[in-house]
Amino acid sequence: MEQHLKAMVESFLAFEYFEAEAATKRALEAGVPKEEITKTLRALFLAALERYEEGKYSIAHLTAAASIFEVGFKLAKAEVAPKGKVVIGTLGSSHYLGKDIIRLLLTADGFEVVDLGEIVFPEQFVEAVEREKPDIVALASMIIACLPLQKAAIGMLQARDLRDNVKVIVGGAVTSDRWAAEIGADGWAPDAPQAVEEVNRLLRELKEGA
Ligand code: B12
């Protein structure tokens, strides 16, 4: 088991996408438990995210790490019922990396995530809530010009009588906890690990009927 995990770690750290994929497949074939593989990949990805925050990794490194995490995780994902459903998207702009990272970590944490992609407008979130019936809606805004779209999305959910059915979390580089409170969101987080914690908290609140 150790040598298979070591091969995965080495290829991940070298950003060798195809080798990391092959190493994950070999680990699975050799009977390494899926949880060990996903735990290793998740730890590697969180370390990459930390290196980016510290300025040691570039956006390119982070993008590569996210792709390797995603391909490995898809191979080793255990078939279990999701603990909750999240609809996510980036409002108005084409920034996708931060949103993709949140999606990956939420998926790794056991959520089913419906990703509407980027350049999404409030109407599309309303349609997705009607269609997907999620527990949580995650609205990302990456530029100041797109902040009003978060407010508009919450307003539209209210106007369509959908607001009470879902919890709304907002985030993205230009947001803050104050902004989240001002527009009536239920939660906010500054980064992906804290977003996962916040989404879990919101799910608990929803289940407890708070
Ligand atoms: C990469 C990038 C782009 C890429 C986006 C592609 C991609 N890879 O996603 C491209 C080149 C397309 C781009 C375009 C533009 N960009 Co740009 N871009 C960036 C840049 C350099 C990095 C963003 C990024 O990926 N960061 C890495 C991720 C990991 O961090 P993150 O996105 O902040 O996400 C984390 C948190 O915010 C949080 N989070 C993110 N989403 C969510 C959602 C929820 C619900 C929660 C809880 C948390 C959360 O968790 C994430 C992970 O920890 C930033 C500057 C910067 N250094 O941040 C500018 C930046 C965001 N861009 C900016 C601008 C202005 C633009 C353009 C308008 C420029 C132009 N005039 O054309 C265009 C918009 C184009 C369009 N049609 O939409 C400005 C925004 C300024 C502002 N205050 O409004 C920035 C800040 C650059 C700057 N200093 O001027 N951009």
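Here goes a summary of the coordinates provided.

Cut-offs applied
Residues numbered from 1 in each chain as written. Predicted model: local features only at pLDDT ≥ 70, side-chain atom pairs only at ≥ 80, totals over all residues. Heavy atoms only, no water. Helix = DSSP H or I, 4+ residues; strand = E, 2+ residues; numbered from the N terminus. Polar contact = N/O pair within 3.5 Å; in protein donor to acceptor, adjacent residues only side chain to side chain. Contact = heavy atoms within 4.5 Å. Donors = N, O, S within 2.8 Å, 3.2 Å for Na, K, Ca; no water. Axes fitted to C-alpha atoms, helices over the stretch in contact; angles between N-to-C directions. Parallel < 35°, antiparallel > 145°, perpendicular 65-115°, else oblique. Left-handed = near helix turned anticlockwise from the far one by under 90°. Nonpolar A, V, L, I, M, F, W, Y, C, P; charged D, E, K, R; others polar.

This next bit is on the side chain of Thr-40. Assignment of secondary structure puts Thr-40 in helix 3 (residues 34-53). A polar side-chain atom of Thr-40 sits 2.7 Å from the main-chain carbonyl oxygen of Glu-36. Not counting the four nearest positions on each side in its chain, Thr-40 is found in contact with Leu-5, Met-8 and Val-9.

Bringing the environment of Gly-171 into the picture now. For Gly-171, the location among the structural elements is in strand 4 (residues 167-171). Separated by 25 residues in the primary sequence, Gly-171 and Val-196 have C-alpha atoms spaced 12 Å apart. Not counting chain neighbours up to four residues away, the residues in contact with Gly-171 comprise Leu-139, Ala-140, Ser-141, Gln-150, Trp-188 and Ala-189.

Take the coordination of the cobalt atom of the ligand next. Exactly one protein atom donates to the cobalt atom of the ligand; that atom is His-95 (NE2), 2.2 Å from the metal. By secondary structure assignment, the location of His-95 is in the loop between strand 1 (84-90) and helix 5 (97-108).

Our focus in this paragraph is the packing of helix 5 against helix 9 (residues 192-207). Taken N-terminus to C-terminus, the directions of helix 5 and helix 9 make an angle of 50°; their axes are 9 Å apart at the nearest point. Taken together, the axes of helix 5 and helix 9 are oblique relative to one another. Handedness of the crossing formed by helix 5 with helix 9: right-handed. Only Ala-192, Pro-193, Ala-195, Val-196 and Val-199 of helix 9 make contact with helix 5, whose side of the interface consists of Ile-101, Ile-102, Leu-105 and Leu-106. A per-class count over the contact of helix 5 with helix 9 returns 9 nonpolar, no polar and no charged.

Function cannot be inferred from these measures alone, as they are strictly geometric.
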